[in-house]
Amino acid sequence: MSRSAAFERMPSSEALGTAGRTGGADADAGHLNARRITILANPVAGGFRARTLGRLVEAIASHGAAVSLHLTRRAGEITDLCAAGMPDTDVLAIAGGDGSINEAIAGFEAVENPPALAIIPFGTANVLAHELGLPKRVKALADVVATGRAEPLHYGLANGRPFVLMASSGFDASVVHALTFDLKRRFGKLAYVAGVFRRMSEPRTADLEVEIDGERLSCRLAVVTNASRYGGPFVVCPAANVHEPTLHLMAVRHDDPFAIIRLGATLLFGRIERSGDVVVREVREMVRLDAARPVPCQLDGDTFGSTPLEITPARRALRIVVP
């Protein structure tokens, strides 16, 4: 089925206009008055499904909301649209993966009163969707988008760029840098698994030097997380919570093949924060990651240059739609 045929029954994207926002979320009470809902959909996201999106649009509209849909055509388009403020939108639903959500938050950095965000998980891992406990069934997900409540969504800044889940440098970022878009599109999570084993046979990166609120650490992998989960449903830092204004550092001392296998096993069983090879710290002000030679970095599962990286909590929260 062609894209135009798949979406022939959907509302157009002409509602992305300039009218003032009159609805929106009552952040104190958590109640949403979602009269106007805009969906920005990334058709190249790993889990994009045209038929499912069509059913979601119809189910959301059945609540009496005015729904508009816009399919993105280029990288960075979500950021550009969100930077314009989306003034005619009460709830902006991102149909894509965690990277698409990151784009939206980057755009909203310049907006004083952005709409509430909602998530339609169409990505590869969809960590934020797991974090929020979003349902998978179409009707239940549509009910959340149309009638859910608003909670604060805190995030971090890495060299000034927002991230909502994690910023990291070291082994996992090296895996992300080695993966091509085509591999992620074709093989999903399996591409990351293959990348881990390939990375274990390659030359080691430089050690990371970490400065956190005056303390100094040396490690092989550093993850600064805003969320309790990593890579999907796997809990790595139970103390972290996207609804709270606190980041956490997880510093891994070793990344030789045996250490990575042990780390993977503790990840599967939800015990990684108890590993003797992992140091966990709460971030009060700032984390700085550096190395003798540049080490790859990643934000929310996408490449983000290399060290040095300076990470701080953002000074404000957005609003996110939750069940």
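Residues numbered from 1 in each chain as written. Predicted model: local features only at pLDDT ≥ 70, side-chain atom pairs only at ≥ 80, totals over all residues. Heavy atoms only, no water.

Colleague: Quick question: what am I supposed to make of the overall build of the protein chain here?
Modeller: Along the backbone of the protein chain there are 10 helices and 22 strands. A burial count over the protein chain gives 53% of its 323 residues as buried. Looking at the protein chain alone, contacts between residues at least 24 apart form 76% of all its contacts between residues at least 6 apart. Accessible surface, the protein chain: about 14,500 Å² in total, of which carbon and sulfur atoms supply 53%. (Helix = DSSP H or I, 4+ residues; strand = E, 2+ residues; numbered from the N terminus. Buried < 20%, exposed > 50% of the residue type's maximum accessible area, 1.4 Å probe, protein only. Contact = heavy atoms within 4.5 Å. Areas by Shrake-Rupley, 256 points an atom, 1.4 Å probe, with all protein chains shown as cover.)

Colleague: What is the right way to read the sheet that holds strand E13 (residues 221-225) from this model?
Modeller: Strand pairing in a sheet relies on backbone hydrogen bonds, with the paired strands running either antiparallel or parallel. Here we have 6 strands laid out as an open sheet, ordered E17-E16-E13-E10-E19-E20, and antiparallel in their pairing. For this open sheet the edge positions go to strand E17 (278-283) and strand E20 (302-306), each flanked by a neighbour on one side alone. In this sheet, neighbouring strand axes are inclined to one another by 20° on average, regardless of whether the strands run parallel or antiparallel. Pairing geometry for strand E16 (residues 247-252) and E17, over 6 bridges, is antiparallel. Considered in E17, the bridge of Met250 is made with Val280. (Pairing = 2+ DSSP bridges. Axes fitted to C-alpha atoms, helices over the stretch in contact; angles between N-to-C directions.)

Colleague: Would you take a moment to explain the sheet that holds strand E21 (residues 309-313) for this structure?
Modeller: Pairing within the open sheet is antiparallel, and its 6 strands lie in the order E9-E8-E21-E18-E11-E12. Of all strands in the sheet, those with a lone pairing partner are strand E9 (161-163) and strand E12 (215-219), marking the two edges. Strand-to-strand twist across the sheet, computed as the mean angle between neighbouring axes with direction ignored, equals 25°. Two strands pair when backbone bridges link them, and strand E11 (residues 208-212) and E12 are joined in this way by 5 bridges, in the antiparallel orientation. Note on E12: the bridge partner recorded for Glu209 is Ser218.

Colleague: Would you mind showing me how to read the side chain of Gln298 here?
Modeller: Here Gln298 shows up in strand E19 (residues 296-299). Given the relative accessible area of 2%, Gln298 is considered buried. In terms of polar contacts, Gln298 uses its side chain to reach the side chain of Asp172, at 3.4 Å. At 2.7 Å, the side chain of Gln298 and the backbone nitrogen of Gly301 are in polar contact. (Polar contact = N/O pair within 3.5 Å; in protein donor to acceptor, adjacent residues only side chain to side chain.)

Colleague: When you look at the pairing of strand E18 (residues 287-291) in this model, what are you seeing that I'm missing?
Modeller: On a regular strand, one side chain projects to one face of the sheet and the next to the other, so that they alternate. Here E18 shows one buried face, formed by Val287, Leu289 and Ala291, and one open face, formed by Arg288 and Asp290. Relative to E21, E18 runs antiparallel, the two being bridged by 3 bridges. Bridge assignment links Leu289 to a residue of E21, and that residue is Leu309.

Colleague: What should I look at first to understand the nonpolar core in this one?
Modeller: For soluble globular proteins, the rule of thumb is that nonpolar side chains tend to be buried together. Ile39, Leu53, Leu117, Ile120, Leu128 and Leu153 are the most contacted members of the largest nonpolar core, which totals 71 residues. When residues of this core are assigned to their parent elements, the largest contribution, 6 residues, is made by helix H6 (residues 138-147). A domain split of this core shows at least three residues from each of domain 1 (36-147) and domain 2 (161-314). Those residues in contact with Leu128 that lie beyond four places of it in its chain are Asp98, Ile101, Ile119, Leu153, Val164, Leu165 and Val242. The next biggest cluster of nonpolar side chains, apart from the first, holds 24 residues, and it includes Phe163, Cys219, Ala291 and Val295. (Core = buried A, V, L, I, M, F, W, Y, C linked by side-chain atoms within 4.5 Å. Domains from an automatic or database assignment.)

Colleague: Quick question: what am I supposed to make of the confidence of the model for the protein chain here?
Modeller: Parts of the prediction with low pLDDT should not have their coordinates interpreted in detail. Averaged over every residue, the pLDDT of the protein chain is 82; the share at 70 or more is 82%. For residues 1-29, every residue scores under 50 in pLDDT, and the model assigns this stretch 63 contacts once sequence neighbours within four places are set aside. (pLDDT = per-residue confidence, 0-100.)

Colleague: Just checking my understanding: could you explain the environment of Ala41 for this structure?
Modeller: Mapped onto the fold, Ala41 is located in strand E3 (residues 36-41). For Ala41, a relative accessible area of 0% gives the class buried. Put simply, Ala41 and His70 are 29 residues apart on the chain and 6.2 Å apart in space, counted from C-alpha to C-alpha. Discounting chain neighbours no more than four positions away, the residues touching Ala41 are Phe48, Leu53, Leu69, His70, Leu71, Thr72 and Ala95.

Colleague: Where do I start with the layout of surface pockets in this structure?
Modeller: In this structure, the second largest pocket encloses a volume near 340 Å³. For the second largest pocket, the lining is made up of 19 residues, of which Arg49, Pro121, Asn126, Pro135 and Lys136 are closest to its centre. Listed by contribution, the elements that provide at least two residues to the lining of the second largest pocket are helix H2 (50-61), strand E6 (116-121), helix H5 (127-132) and H6. Residues belonging to the lining of the second largest pocket are distributed by class as follows: 10 nonpolar, 6 polar and 3 charged. (1 Å grid on protein atoms, 1.4 Å probe; cavity = no way out; pocket = protein on both sides within 12 Å on 5 of 7 lines; lining within 4 Å. Points joined across faces, edges and corners; volume = space filled by probe spheres on them. Nonpolar A, V, L, I, M, F, W, Y, C, P; charged D, E, K, R; others polar.)

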